[in-house]
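Descriptive structure summary
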Amino acid sequence: METVTMACSLLDGARRPLAIRFGPLLLATALLAGCAAPGPDPARGFDLQAHRGGRGMAPENTLAAFANAIDLGVTTLELDIGLTADNVVVISHDTALNPDHTRDASGAWLPATGPTIRSMTLAQVQGYDVGRLNPASNYGKPFAGQQPRDGERIPTLAALFAMVKARGNEQVRFNIETKLDPGKPDETAAPEPMVRALLAEIDKAGMARRVTLQSFDWRALALVGQLAPQLPRAYLTTARTLRDSRWTQGLNAGDFASTPLLVKAAAGDAGKAPVIWSPAFADLTPAQVQQAQALGMTVLPWTVNQRADMLRLLDMGVDGVITDFPDVLRDAMRERGRPLPRAGA
Ligand code: G3P
Ligand code: CA
């Protein structure tokens, strides 16, 4: 047993230290249950999210990208996580090393998909350089303006939290996606150890107030609802996952009149935490936005990279947008007279 002191934002909005004793398995439950975690809220303004830290500007899911996004001014850093063989939470979109932006210790591009994150220790994972796009790959073509940063490693989530704290930044939020695939259980940790490890890391850093957890695999969100019911949950959807109930907590999308109603059913009414519907932007209609908001959810489409689409979605009344190009979204917001997130800190 150990004692941790952390700052929680309680329901009255006051910040005060909270000391709780807990055993390792109950860590997340014990600490998070007492802490309100306000999520995206229309009253707090439009949520500008830098996808993978803003992949259009800096190498994805690296500390360099997250620092760049904070310098620019975003509401939220979007990122993806996995669990290493030694159970460290690391920031990676891919469940296995991606040859499109990964070089080995000798500086050679990986010729093909590399080992899974789950099969490597943190030390092994951090032997690779993810600071530059492979010029031979088509993957990087839409991100030609990305500024390389040779030497960047796949970071730990703890390192991101430490970097943000070291900068004295107290406002940027984190939208953290658990990368799971119900069809590929051997590629990652199982949902429960992954979610528990993630919640433990969030607690250790005292970041519960600034976090939203997102997943296409709604098993992870159900676990978050049980273990940390006051954390905001973002239900990711796309046509592919909506066709397969393994992604949607066993619910059949065809049994529901609309996707917002499906998400609402999955999220339930129990928790106090905000529920976010995060759809693929091209699928979204104004009627769906209105329905989701009427059901008490916020709407956060991904991944929107064209200015015209950003303007259209702003006009549609979405609550935020996830983009690889936070600089372009800031311009679009400026054009629509929206207040901009503070730059720097
Ligand atoms: O946050 C949603 C978005 O990140 C989902 O797509 O594949 O880039 O993680 P992906
Ligand atoms: Ca993601």
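Residues numbered from 1 in each chain as written. Chains lettered and ligands numbered in written order. Predicted model: local features only at pLDDT ≥ 70, side-chain atom pairs only at ≥ 80, totals over all residues. Heavy atoms only, no water.

Right, let's talk about the overall build of the chain for a bit. Regarding its fold elements, the chain presents 11 helices and 11 strands. Across the 345 residues in the chain, those meeting the buried criterion constitute 55%. Within the chain, residue pairs in contact and separated by at least 24 positions form 63% of the contacts whose partners lie at least 6 positions apart. As displayed, the chain has an accessible area near 14,100 Å², and 53% of this comes from carbon and sulfur atoms. (Helix = DSSP H or I, 4+ residues; strand = E, 2+ residues; numbered from the N terminus. Buried < 20%, exposed > 50% of the residue type's maximum accessible area, 1.4 Å probe, protein only. Contact = heavy atoms within 4.5 Å. Areas by Shrake-Rupley, 256 points an atom, 1.4 Å probe, with all protein chains shown as cover.)

To continue, consider the packing of aromatic side chains. Going through the model one piece at a time under the given rule, you end up with five aromatic pairs. On the basis of an interplanar angle of 35° and a centroid distance of 6.1 Å, the ring pair of Phe 143 and Phe 325 is categorised as tilted. Residue Phe 143 is found in the loop between helix H3 (122-125) and helix H4 (157-166), and its partner Phe 325 is found in the loop between strand E11 (320-323) and helix H11 (326-335); the two are separated by 182 residues along the sequence. Take Phe 143 and Phe 325: they sit in the same class, and that class is buried. (Phe/Tyr/Trp six-rings, centres within 6.5 Å; stacked < 30°, edge-to-face > 60°.)

Next up on the list: the nonpolar core. With 68 residues, the main nonpolar core has Leu 77, Leu 79, Leu 160, Phe 174 and Ile 176 as its most contacted residues. By residue number, the principal contributor to this core is helix H5 (residues 191-205), which donates seven residues. Every residue in contact with Leu 77, bar those within four places of it in the chain, is listed here: Ala 50, Phe 66, Ala 69, Ile 70, Leu 160, Val 172, Arg 173, Phe 174 and Asn 175. In terms of nonpolar packing, the next biggest core, distinct from the first, is built from 11 residues, Val 88, Leu 122, Val 125 and Tyr 128 among them. (Core = buried A, V, L, I, M, F, W, Y, C linked by side-chain atoms within 4.5 Å.)

Taken together, His 51, Arg 52, Glu 78, Asp 80, His 93, Glu 177, Lys 179, Gln 214, Phe 216, Leu 236, Trp 302 and Ile 322 make up the full set of residues adjacent to ligand 1. Between an oxygen atom of ligand 1 and a side-chain N or O atom of Arg 52, the distance comes to 2.8 Å. His 93 places a polar side-chain atom, nitrogen or oxygen, 2.8 Å from an oxygen atom of ligand 1. Coverage of ligand 1 by the protein chains reaches 91% of its 290 Å² of free accessible surface. (Near = heavy atom within 4 Å. Polar contact = N/O pair within 3.5 Å; in protein donor to acceptor, adjacent residues only side chain to side chain.)

Protein-derived ligands of the calcium ion (ligand 2) are Glu 78 (OE), Asp 80 (OD) and Glu 177 (OE), with the metal-ligand distances lying across 2.2 to 2.3 Å. Along the chain, the residues donating to the calcium ion (ligand 2) are arranged with the sequence spacing E-x1-D-x96-E. Asp 80 carries the same exposure label as Glu 78, and that label is buried. (Donors = N, O, S within 2.8 Å, 3.2 Å for Na, K, Ca; no water.)

Counted by the stated rule, this structure contains 16 salt bridges. Residue Arg 132 pairs with Asp 150 through a salt bridge whose shortest N-O separation is 2.8 Å. Pair noted here: Arg 132 is in the loop between H3 and H4 and Asp 150 is in the loop between H3 and H4, with a separation of 18 residues, a long-range link. We classify Asp 150 as partly exposed; its relative accessible area is 46%. Of the charged contacts in the structure, one is a salt bridge between Glu 192 and Arg 196, with a shortest N-O distance of 2.9 Å. Of this pair, Glu 192 and Arg 196 both sit in helix H5, four residues apart, which is roughly one turn of that helix. (Salt bridge = Lys/Arg side-chain N within 4 Å of Asp/Glu carboxyl O.)

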